[in-house]
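Working through the structure, step by step
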Amino acid sequence: MKVLATVMVLAASAVQADEGAIRGVIGDQIEAFKADDFDTAFTYAAPNIRGMFGTSENFGTMVRRGYPMVWQPGSVEYLGARDNGATWRQEILITDGAGRLHKLAYLMVETPDGWKIAGVQILAAPEVGA
């Protein structure tokens with residue numbers, strides 16, 4: 001039983017480490033966006049995204065047009081992360097500069113260079129009421 005308990009503790013620690021690393025990558029990319037540093041932001045993109053856009057300039061144009069809440073957020077709150085085998089899914093709530101709430105899911109992949117962002121999906125924002 002002691003061995004099983006030790007394995008469970010180690011597994012939980014690994015999950016927490018992955019979640020911390022994933023949140024760090026997302027946060028670092030958002031900070032780069034806020035500084036209009038699309039070269040740095042592009043380094044956090046997974047190979048599939050890098051191949052799709054080719055350059056940080058193309059990537060930056062897509063983010064400014066399609067994900068303005070990520071480019072210049074007001075606040076960011078990390079929700080649950082889920083291990084999907086080869087990928088992780090990290091959900092976040094972002095309040096944009098106008099105070100609107102957005103819920104997004106980040107698809108994360110682990111590469112030889114660490115965790116990278118393989119996609120971002122805009123989800124239905126939660127209802128906020130009094």
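First, a word on what this report is: a plain description of the structure on this page. Please read these numbers as outputs of a predicted model, since none were measured by experiment. Counting from 1, residues in each chain are numbered in the order their sequence is written. Per-residue local features of the predicted model are confined to residues with pLDDT of at least 70, and side-chain atom pairs are confined, for both listing and counting, to 80 or more; whole-chain, interface and lining totals are unaffected and use all residues. The basis for the side-chain values is all heavy atoms of the structure; hydrogens and waters are excluded.

**Things to note about the nonpolar core**
Operational definition: Nine residue types can take part in a nonpolar core, namely buried Ala, Val, Leu, Ile, Met, Phe, Trp, Tyr and Cys, and a core is a set of them joined through side-chain atoms within 4.5 Å. Accessibility here uses a 1.4 Å probe with only protein chains present; expressed as a share of the type maximum, an area under 20% marks a residue as buried, one over 50% as exposed, and anything in between as partly exposed. Secondary structure follows DSSP: runs of H or I at least 4 residues long count as helices, runs of E at least 2 residues long count as strands, and numbering of each begins at the N terminus. Whether two residues touch is decided by their heavy atoms; if any such pair falls within 4.5 Å, the residues are in contact.
Core analysis: the biggest nonpolar cluster contains 25 residues, and F59, V70, Y106 and M108 have the highest contact counts within it. Secondary structure elements with two or more residues in this core: α1 (2–34), α2 (38–43), α3 (47–53), α4 (56–66), α5 (68–71), β2 (87–96), β3 (101–111) and β4 (114–123). Ranked by residue count, the leading element in this core is α1, at six residues. If we ignore the near neighbours within four places in the chain, the residues touching V70 are I30, F33, I94, L104 and Y106.

**Quick notes on the sheet that holds β2**
For clarity, the threshold we go by: At least two DSSP bridges between two strands are required for those strands to pair. Under this scheme, a helix contributes an axis fitted over its contacting stretch, all axes are lines through C-alpha atoms, and angles between N-to-C directions fall in the 0 to 180 degree range.
Read from one edge to the other, the open sheet built from four strands follows the order β1-β2-β3-β4, with strand pairing classed as antiparallel. Edge strands, defined here as strands with exactly one partner in the open sheet, are β1 (73–83) and β4. Averaged over all pairs of adjacent strands, the angle between strand axes in this sheet comes to 25 degrees, irrespective of strand direction. Direction of pairing for β2 relative to β3: antiparallel, over a ladder of nine bridges. Following the sheet pairing, R89 is matched in β3 by L107.

**Focus: the packing of aromatic side chains**
Here is the rule we go by: Stacked, tilted and edge-to-face pairs are distinguished by plane angle, under 30 degrees for stacked and over 60 for edge-to-face with tilted covering the rest, among Phe, Tyr and Trp rings (Trp via its six-membered ring) whose centres lie within 6.5 Å. Two thresholds decide whether a charge sits over a ring: the Lys NZ or Arg CZ must be within 6 Å of the ring centre and within 35 degrees of the ring normal.
Applying the stated criterion across every chain, the model contains five aromatic pairs. Judged by centre distance (5.8 Å) and plane angle (45 degrees), the ring pair of F33 and F38 falls under tilted. Grouping residues by exposure puts F33 and F38 together as buried. Judged by centre distance (6.0 Å) and plane angle (35 degrees), the rings of F33 and F59 are tilted. Of this pair, F33 sits in helix α1 while F59 sits in helix α4, and the two are 26 residues apart along the sequence. With respect to burial, F33 and F59 carry one shared label: buried. Ring pairing ties together the aromatic residues F33, F38, F42, F53 and F59, which thus form one cluster. Across from the ring centre of F42, 4.3 Å away, lies the NZ or CZ of R50, which sits over that ring.

**What to know about α4**
Test applied: To obtain the arc, one takes the directions from the helix axis to the C-beta atoms.
Every buried residue of α4 is listed here: S56, F59, G60 and V63. Down the axis of α4, the smallest arc covering the buried residues is 100 degrees, so these residues share one side. Exposed side chains of α4 directed beyond 90 degrees from the buried face belong to E57 and R65.

**What to know about the pairing of β4**
Here β3 pairs with β4 via nine bridges, running antiparallel. Within β4, the position partnered with Y106 by the bridge is V120. Connecting β3 to the next strand, β4, in antiparallel fashion are two residues.

**A closer look at the side chain of K116**
Note the following rule: Here the positive residues are Lys and Arg and the negative ones are Asp and Glu; neither His nor the chain ends is included. What makes a salt bridge here is a side-chain nitrogen of Lys or Arg within 4 Å of a carboxyl oxygen of Asp or Glu, nothing more. Here a polar contact means two N or O atoms within 3.5 Å. Within protein one must be a hydrogen donor candidate and the other an acceptor candidate, and residues neighboring in sequence count only if both atoms are side-chain atoms.
Tracing the chain through its elements places K116 in strand β4. For the buried K116, which has no salt bridge, the nearest side chain bearing the opposite charge is D113, at an N-O separation of 5.4 Å. A polar atom in the side chain of K116 sits 2.7 Å from the backbone oxygen of T43. Apart from the residues within four sequence positions on either side, K116 is in contact with T43, Y44, A45, A46, L107, M108, V109 and T111.

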